[in-house]
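# Secondary and tertiary structure notes
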Amino acid sequence: MSQVEILLMKSNSILKVFYFITSIFLANIVRKPVILCLHRVKAPSKSLLDRRVGFTSPNNFKKVIRFMKIMGYEFVPLDELVNMIEIGKYKKVAVITFDDGFKDLYQNAYPILKEFNIPFTLFLITSLIDSKELLWLHKLYISLDKLHLKESESILKSYSDYASNIEDMSVFIGKVIHSKDKKNIIELMAAMSIAAKIDEGEEKRLARDLYLSSKEIEEMKSNGLTVETHGHEHWPLTNLNEEETEDEIVSSIRFIKEELGGLPKYFSLPYGTTNKYVIDIVKTSGLKGIATIKSQIITESSVDLYNLPRICVYDDIKEIYKIINKYYVKYIYEKLQQ
Ligand SMILES: [Zn+2]
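Note on numbering: residues in each chain are counted from 1, in written sequence order. Local features in a predicted model are, by the rule used here, given only for residues with pLDDT of at least 70; side-chain atom pairs are given and counted only at 80 or more, and totals for whole chains, interfaces and linings are based on all residues. Values shown for side chains rest on all heavy atoms present in the structure; no hydrogens or waters enter the calculation.

Another aspect to go through is the packing of aromatic side chains. Ring geometry is summarised as follows: Phe, Tyr and Trp rings, the Trp one being its six-membered ring, pair when their centres sit within 6.5 Å, and such pairs are stacked at plane angles under 30 degrees, edge-to-face over 60 and tilted between the two. Applying the stated criterion across every chain, the model contains 10 aromatic pairs. Look at Tyr 106 and Tyr 110: their rings are 5.6 Å apart centre to centre, the planes differ by 20 degrees, and that puts the pair in the stacked class. Here Tyr 110 and Tyr 106 lie together in helix 5 (residues 104–116), a separation of 4 residues that amounts to about one turn. Taken together through their ring pairs, the aromatic side chains of Phe 61, Phe 98, Tyr 106, Tyr 110 and Phe 120 make up a single cluster. The secondary structure listing takes helices from DSSP runs of H or I that are at least 4 residues long and strands from runs of E that are at least 2 residues long, numbered from the N terminus.

To get an axis, a line is fitted to the C-alpha atoms, and for a helix only the part in contact is used. The angle between two axes follows their N-to-C directions and goes from 0 to 180 degrees. Interhelical geometry of helix 1 (residues 3–30) versus helix 14 (residues 317–337) gives an angle of 40 degrees and a closest axis separation of 8 Å. Here helix 1 lies oblique to helix 14, going by the angle between them. Regarding helix 1 and helix 14, the two cross each other, and that crossing is left-handed. Across the interface between the two elements, Asn 12, Leu 15, Lys 16, Tyr 19, Phe 20, Thr 22, Ser 23, Leu 26, Ala 27, Ile 29 and Val 30 from helix 1 touch Lys 318, Tyr 321, Lys 322, Ile 324, Asn 325, Tyr 328, Val 329, Tyr 331 and Ile 332 from helix 14. All residues other than Ala, Val, Leu, Ile, Met, Phe, Trp, Tyr, Cys, Pro, Asp, Glu, Lys and Arg, Gly among them, are scored as polar; the first ten of these are nonpolar and the last four charged. When grouped by side-chain class, the residues that make up the contact of helix 1 with helix 14 number 13 nonpolar, 4 polar and 3 charged. Throughout this description, any angle smaller than 35 degrees is read as roughly parallel, any larger than 145 degrees as roughly antiparallel, any in the 65 to 115 degree range as roughly perpendicular, and the remainder as oblique. With the far helix as reference, a near helix turned anticlockwise by less than a right angle produces a left-handed crossing, and one turned clockwise produces a right-handed crossing. Two residues qualify as a contact provided that any one of their heavy atoms is within 4.5 Å of a heavy atom in the partner residue.

Another aspect to go through is the nonpolar core. The definition of a nonpolar core used throughout is a set of buried Ala, Val, Leu, Ile, Met, Phe, Trp, Tyr and Cys residues joined through side-chain atoms within 4.5 Å. Buried residues are those whose accessible area, probed at 1.4 Å on protein chains only, stays under 20% of the maximum for their type, while exposed residues exceed 50% and partly exposed ones sit between those limits. Membership of the largest hydrophobic core comes to 49 residues, with the highest contact counts inside it found for Phe 61, Met 68, Ile 96, Phe 98, Ile 217, Ile 320 and Tyr 328. The dominant element in this core, judged by the number of residues it contributes, is helix 14, at 8 residues. Not counting chain neighbours up to four residues away, the residues in contact with Ile 96 comprise Leu 36, Leu 38, Phe 61, Ile 65, Phe 75, Leu 113, Ile 118, Phe 120 and Thr 121.

Moving on: the environment of Lys 265. As for its placement among the helices and strands, Lys 265 is situated in the loop between helix 12 (242–260) and strand 8 (266–268). Separated by 67 residues in the primary sequence, Lys 265 and Ile 198 have C-alpha atoms spaced 37 Å apart. A distance of 2.5 Å separates the side chain of Lys 265 from the side chain of Asp 79, its partner in a polar contact. Each polar contact in these results corresponds to two N or O atoms within 3.5 Å; when the atoms are within protein, one needs to be able to donate a hydrogen and the other to accept it, and residues that are neighboring in sequence are counted only if both atoms are side-chain atoms.

Moving on, we come to the coordination of the zinc ion. A donor here means an N, O or S atom no more than 2.8 Å from the metal, or no more than 3.2 Å when the metal is Na, K or Ca. Since water is not included, a site may seem to lack partners. Every protein donor of the zinc ion is listed here as Asp 100 (OD), His 230 (NE2) and His 234 (NE2), and their distances to the metal cover 2.1 to 2.3 Å. Sequence positions of the residues that donate to the zinc ion give the spacing D-x129-H-x3-H. The burial state of His 230 is the same as that of His 234; both residues are buried.

Attention now goes to the environment of Lys 89. Counting through the fold element by element, Lys 89 comes out in the loop between helix 4 (78–86) and strand 5 (93–100). Counting along the chain gives 240 residues from Lys 89 to Val 329, while the straight-line C-alpha distance between them is 21 Å.

The next thing to look at is the domain arrangement of the protein chain. When its domains are assigned, the protein chain resolves into domain 1 (3–131 + 212–337) and domain 2 (136–204). Marked domain ranges trace back to an automatic or database domain assignment. Of note, the centres of domain 1 and domain 2, computed from C-alpha atoms alone, are 28 Å apart. Each partner contributes to the interface: domain 1 provides 17 residues, whereas domain 2 provides 20 residues. Accessible surface is computed with a 1.4 Å probe, and the buried area is the amount of it that two parts give up when combined, taken over both parts together. Taking both partners together, domain 1 and domain 2 bury about 1,600 Å²; carbon and sulfur atoms supply 62% of that area.

Attention now goes to the pairing of strand 6 (residues 120–124). Of all 5 residues in strand 6, 5 are buried, a share of seventy percent or more. With burial as the criterion, each face of strand 6 is covered, one bearing Phe 120, Leu 122 and Leu 124 and the other bearing Thr 121 and Phe 123. For two strands to be treated as a pair, DSSP must find at least two bridges joining them. Direction of pairing for strand 5 relative to strand 6: parallel, over a ladder of 5 bridges. Its bridge partner lying in strand 6, Ile 96 is registered against Phe 120. Viewed with both strands pointing away, a crossover whose connecting path from the first strand over the helix to the second turns clockwise is right-handed. As for the winding sense of the linkage, the β-α-β connection from strand 5 through helix 5 to strand 6 is right-handed. Alignment of strand 6 against strand 7 (residues 225–229), held across 5 bridges, turns out to be parallel. Residue Phe 120 lies in a different strand from strand 7, and its bridge partner there is Leu 225.

Take the pattern of salt bridges next. Working definition: two side chains of opposite charge can pair if their charged atoms are close together. For this document, the term salt bridge refers to a Lys or Arg side-chain nitrogen within 4 Å of an Asp or Glu carboxyl oxygen. Under the definition given, this model contains 21 salt bridges. With its nearest N and O atoms 3.7 Å apart, the salt bridge here joins Lys 288 to Glu 86. With a gap of 202 residues between them, Lys 288 in the loop between helix 13 (276–284) and strand 9 (289–291) and Glu 86 in helix 4 connect regions that are remote in the sequence. Several salt bridges share partner residues, and in doing so they unite Lys 146, Glu 202, Arg 205, Arg 208 and Asp 209 into one network.

Structure below.
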């Protein structure tokens with residue numbers, strides 16, 4: 001390890017301790033709610049799937065829970081926090097939410113949540129449950145993970161404006177999935193999965209190992225889980241027309257009602273993107289709110305139930321200490337200006 005790397009590591013640790021300690025101090029002054037958003041909880045990996053979806057190691061997940069507890073946060077269900085907001089009561093409470101519906105929620109996060117007796121919310125991509133197929137998006141990432149760069153490049157060139165000097169495949173593929181041509185994305189995904197030799201049997205095995213089953217959901221529901229919706233197939237909503245947007249939201253609500261029991265009350269935005277259609281459809285579907293990935297604490301001036309901020313937790317936990325710290329400082333500064 002070079003001198004520069006050692007210095008960087010040391011300053012990183014010092015900053016982490018600084019943010020940690022100041023947050024504990026400031027939390028007692030600010031006393032505002034926080035909603036956390038996690039995706040996968042699993043051992044770190046460099047796979048495109050994990051880098052694109054986002055992950056936190058079980059150990060770091062525990063550290064974040066302890067951090068919130070040391071700051072004096074009480075963990076409550078999302079609905080309880082929303083009720084508090086509605087009556088204008090802003091307390092030091094935290095809500096833990098997960099997006100998507102990966103099996104590692106059951107395998108790695110759920111035992112920790114049970115140990116600490118913490119209620120939690122899953123914003124579920126409803127087509128994943130008991131599925132024998134991979135979601136289009138995950139199939140694309142997994143195929144890219146299996147293929148050599150040269151093979152991926154030749155396929156990408158046929159379906160996108162790929163140039164060989166691309167710096168980060170993860171960023172590039174992010175742009176591809178946000179392109180407007182849904183048919184082209186599906187064709188690209190199909191070509192990739194054929195090249196990666198993901199046959200029906202392999203896909204079934206992958207889907208079974210990767211996604212939650214209705215049985216696992218049922219068990220978690222009796223131990224603190226509330227299921228909400230994250231859409232049926234996780235398409236970027238702002239690229240869909242009104243009818244497709246409605247279908248994505250309404251079919252996911254129907255799935256939860258018919259297959260898992262109970263009516264969802266909240267929707268979380270795939271990729272965090274939204275527009276007027278989305279808000280209108282969510283409202284007319286009878287849902288009470290929309291969870292975003294707008295990274296903020298919840299204060300009287302920032303809250304709108306159809307634009308609820310959530311702070312995303314990934315594996316670099318210094319970032320979470322830093323974000324919380326930043327919003328505490330911002331809140332105090334704004335109060336002093338009034
Ligand atoms: Zn998602």
